[in-house]
Every structure is written in C-alpha cells, then in structure tokens.
Amino acid sequence: MTMRSMQAKFIVFCNKNGPKILNLISPIWFLACILGLNWMAHDHIFDFLYTTESKVGQMARFLAWFMSAEMIINWIFLCTVRSTYRNTDENNKKRLEHEKTYPQLTSEGVAYEQLREQRPTLGTGNWSVVTQYTGSDVKRTAYPYWGWKPCVVCSFYRPPRCHHCPICEECVLKRDHHCFFARQCVGLNNQRFFVVFNFWAVMLTTFSIPQVLCYTKLSVWPNMVASELFLPWTIVRYVVGTSPAYTLLLVFQIYSLVFFVLTAGYFLHNQLTCIDQGLTSYEKENRDTSFTTTCKSRYERFACVFGRSQLWVNLFIPYHWASEPTDDGMTWQSMKKD
Ligand SMILES: [Zn+2]
Ligand SMILES: [Zn+2]
C-alpha cells in the first residue's frame, strides 16, 4: 500500500468516523476534567495554598464547588433539552400561511446552476442548497434561506433556520451548531444553557488556572523535570514508569484548563455577539445582509433566547419553564427584510 493511498484511506476514515469519535470522547473528557479538577483542588491544592482556618481558603472552596455545580447543571440541561422539529399538521399549516404571507420566499425551489448563471454574485447566506443524489446524478436545488425547504433525509418540509444535523440525525429548530461536549445540537430551546455553561466555564477556568499554576510551581515543580511540561512526553514517561501518575494528571489538567478557557471564551463571545445581532453562528458566517433584526432594544434581542425575565436569574437558575424564548422556531417576526 502506497503512502498516498494510506493517507486517502485515513482521510475517508476521519470524515466518516471523526464526528462519532468526538461525540464519544468530548463529554468523557469534560466530566473527567471537572471531577479531576475538584478532586485535586479540594484534596491537594487548597490545603497547600491556604491554612485550614483561612477565610480566603473557605471562600475558594465554596466558589470551586458553586461554579462547578452551575456548569454541570447547565451541561445536563444542554444535553437533555432538544429543539427537534416535528412534522405535524399544525406545523404544515404554518408553512402554508408563511407562503401566503411571503410569496417571494417560495418553497418550490429553483435549479441551483440556473440561479448561479442568472445571479453570479449571489451571497451564500441568501439561499439554502439542497443536494439530492440519484445513482450518479446530482441534483442541486436552491431555496430562499428565509423560506421553508425540504429535508431530503427526513422527507418533510422544515421551517426557515431549521437545519438537519447528520450527527443527531434530526432537523433542529434555529440550529446554531452541534456541540460535541454535550452530544447535542445547540438550537432554539437549549441555546440559553449553552451560553450560561460557557459563562461558568470561563469563570471557573479563570479562577482555577492561577491557583493550579501556583500550586504546581511551589509544590510539585521541585520534583519535576522540565520536559514533563510537554504532555506527550509526560505520557511516555508515565508509561515507562519514570513519571508518577499524579504528575501526569496535573499536566493533563493544565493543558485541559488552557483549552477550556480559550474554547469557552470564544463561544461565549461568539454567542453573545450572535444573540445581540439576532443571528445564529451559521448566519453570522454566511451573512445575508438583507435580513436584520427588528428588536429595537438589547433586552428584546436577548428575550428571543432567554425569555422576558430578569436575564441575570438565568445565570443561577435554569428556569426556562417560567421564561420561554420569545422566538417560536418557525415564524420569525423578529427578522425582517430591509
Ligand atoms: Zn432532517
Ligand atoms: Zn447535532
């Protein structure tokens, strides 16, 4: 087997199985990190950094528990609250109403090649392209982004902003993206938990990193060799028996904390910007500038996701049952064409 064919096989394998593997490993990694961090903090780090009676030490212990609990609660809601679109008669009636109100947003579809010829400068955000394969034939049909369009996998019409997730194997209302750490799509009903989860992840990691580094420097570093800071090398050293398990866990935790603070920081910023502009991540990337949010105030724009309530309460209690998003996932009164 040549190098090139091995490489091609590896790429095909990654494309086919990569999402499934990530979906399996990511939540295990997240849970191992948060449990490992708490075990290290409460059994080793706090005892080393603070004296038993110190008020600062007690506060640090409380904050570590509290922020971890908030993260896990929001993660559980993020994993379990779905935004699946159901093909009911009532929803189909909504489609017909939508077509009457916005005849320009037809769900008939036009041949994609023809559309490209007529309008070569067409932005990708204005249209959704549905691809169908029959034998060796490929048929591409374009539908207005803000209209209803068929899902070829589920064999029904789905509302604007609803996208099919090949990993969740369902159509998801106001789909933002698939979150591997929650094995779930972030969409209409659970976006709020995703935002709050990222908020607490940023808080907890920012709080933990200086303490973990300080503890490592003062307590573990004197017994370490510099090369142990390079994780792959620490793994090799642990396997051959020259590094203790505790050093490996600590180095792994430091790498994970840096990864999580960067990832959660990116997503928190991305989500807050999207909500403030009334867009999903997909729409922000493939921006259709002809549609803008009609929500005048920032409060209204955040109510589309968090409901009409005191926003800060969401940070502490996931009370979605008492404060539903003002968006319904099918009709988009808050988005209007210029
Ligand atoms: Zn679908
Ligand atoms: Zn998904």
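The shown structure was predicted, so the numbers you read here are calculated from the model rather than taken from an experiment. (Residues numbered from 1 in each chain as written. Chains lettered and ligands numbered in written order. Predicted model: local features only at pLDDT ≥ 70, side-chain atom pairs only at ≥ 80, totals over all residues.)

## Here we look at the overall build of the chain
When helices and strands are counted, the chain shows ten helices and eleven strands. With 338 residues in all, the chain has 28% of them scored as buried. In the chain, 59% of the contacts between residues at least 6 apart in sequence involve partners at least 24 apart. (Helix = DSSP H or I, 4+ residues; strand = E, 2+ residues; numbered from the N terminus. Buried ≥ 20, exposed ≤ 12 C-beta atoms within 10 Å, placed from the backbone. Contact = placed C-beta atoms within 7 Å.)

## Regarding the UniProt feature "transmembrane region" (unreviewed entry) in the chain
The positions UniProt marks with the feature "transmembrane region" (unreviewed entry) are residues 21-42, 62-85, 193-213 and 247-268. In this annotation, residues 21-42 is assigned 100% helix and 0% strand; the end-to-end C-alpha distance for the span is 32 Å. End C-alpha atoms of residues 193-213 are separated by 30 Å, and the span's content is 100% helix alongside 0% strand. (UniProt positions renumbered as here; feature names shortened; annotations may be inferred.)

## Looking at the domain arrangement of the chain
Accessible area lost upon the coming together of the parts serves often as the stated size of an interface. Looking at the chain, the domain boundaries give domain 1 (20-84 + 189-337) and domain 2 (89-161). For domain 1 versus domain 2, the distance between C-alpha centres works out to 36 Å. (Domains from an automatic or database assignment.)

## Description of the nonpolar core
Residues Met-71, Leu-78, Phe-194, Phe-197, Trp-200 and Ala-201 are the most contacted members of the largest nonpolar core, which totals 36 residues. For this core, the element with the most residues is helix H5 (residues 191-220), which contributes eleven residues. Core analysis: the second largest hydrophobic core is formed by eight residues, Cys-274, Leu-279, Phe-302 and Cys-304 among them. (Core = buried A, V, L, I, M, F, W, Y, C linked by C-beta atoms within 7 Å.)

## A word on the sheet that holds strand S2 (residues 127-134)
With respect to topology, three strands assemble into an open sheet ordered S1-S3-S2, the strand pairing being antiparallel. Here the strands that pair on one side only, and so sit at the sheet edges, are strand S1 (110-111) and S2. Pairing analysis gives eight bridges linking S2 to strand S3 (residues 137-144), with the strands arranged antiparallel. Bridging from a neighbouring strand, Thr-134 pairs with Asp-137 of S3. (Pairing = 2+ DSSP bridges.)

## Let's talk about the pairing of S3
Alignment of S1 against S3, held across two bridges, turns out to be antiparallel. Note on S3: the bridge partner recorded for Ala-111 is Thr-141. Following S2, the chain reverses through two residues before pairing antiparallel with S3; Gly-135 in that reversal takes a positive phi of roughly 60 degrees.

## Section: the packing of helix H1 (residues 3-49) against helix H7 (residues 245-277)
Two elements in contact, H1 and H7, have axes whose closest approach is 11 Å; the angle formed by their N-to-C orientations is 120 degrees. With respect to H7, the element H1 is oriented oblique. Pair H1 / H7 crosses with left-handed handedness. Only Leu-249, Gln-253 and Ser-256 of H7 make contact with H1, whose side of the interface consists of Cys-33, Gly-36, Leu-37 and Met-40. Classifying every residue of the contact of H1 with H7 gives four nonpolar, three polar and no charged. (Axes fitted to C-alpha atoms, helices over the stretch in contact; angles between N-to-C directions. Parallel < 35°, antiparallel > 145°, perpendicular 65-115°, else oblique. Left-handed = near helix turned anticlockwise from the far one by under 90°. Nonpolar A, V, L, I, M, F, W, Y, C, P; charged D, E, K, R; others polar.)

## Side note on H1
The terminal C-alpha atoms of H1 lie 52 Å apart, and with 47 residues this falls more than 12% below the ideal 69 Å at 1.5 Å per residue. Those residues of H1 that fall on the buried side of the exposure criterion are Leu-37, Ala-41, Ile-45 and Phe-46. Residues of H1 that are buried make contact with helix H2 (55-80), H5 and H7. (Expected span 1.5 Å × (residues − 1).)

## Some words on the UniProt feature "domain: Palmitoyltransferase DHHC" (unreviewed entry) in the chain
UniProt's entry tags residues 149-286 with the feature "domain: Palmitoyltransferase DHHC" (unreviewed entry), counted in the numbering of this structure. Here residues 149-286 runs as 56% helix and 13% strand, with 18 Å between its end C-alpha atoms.

## Topic: the confidence of the model for the chain
Of the residues in the chain, 96% reach a pLDDT of 70 or more, and the chain-wide mean stands at 88. Ranking the elements of the chain by mean pLDDT puts strand S11 (residues 335-337) last with 69 and strand S7 (residues 170-172) first with 96. (pLDDT = per-residue confidence, 0-100.)

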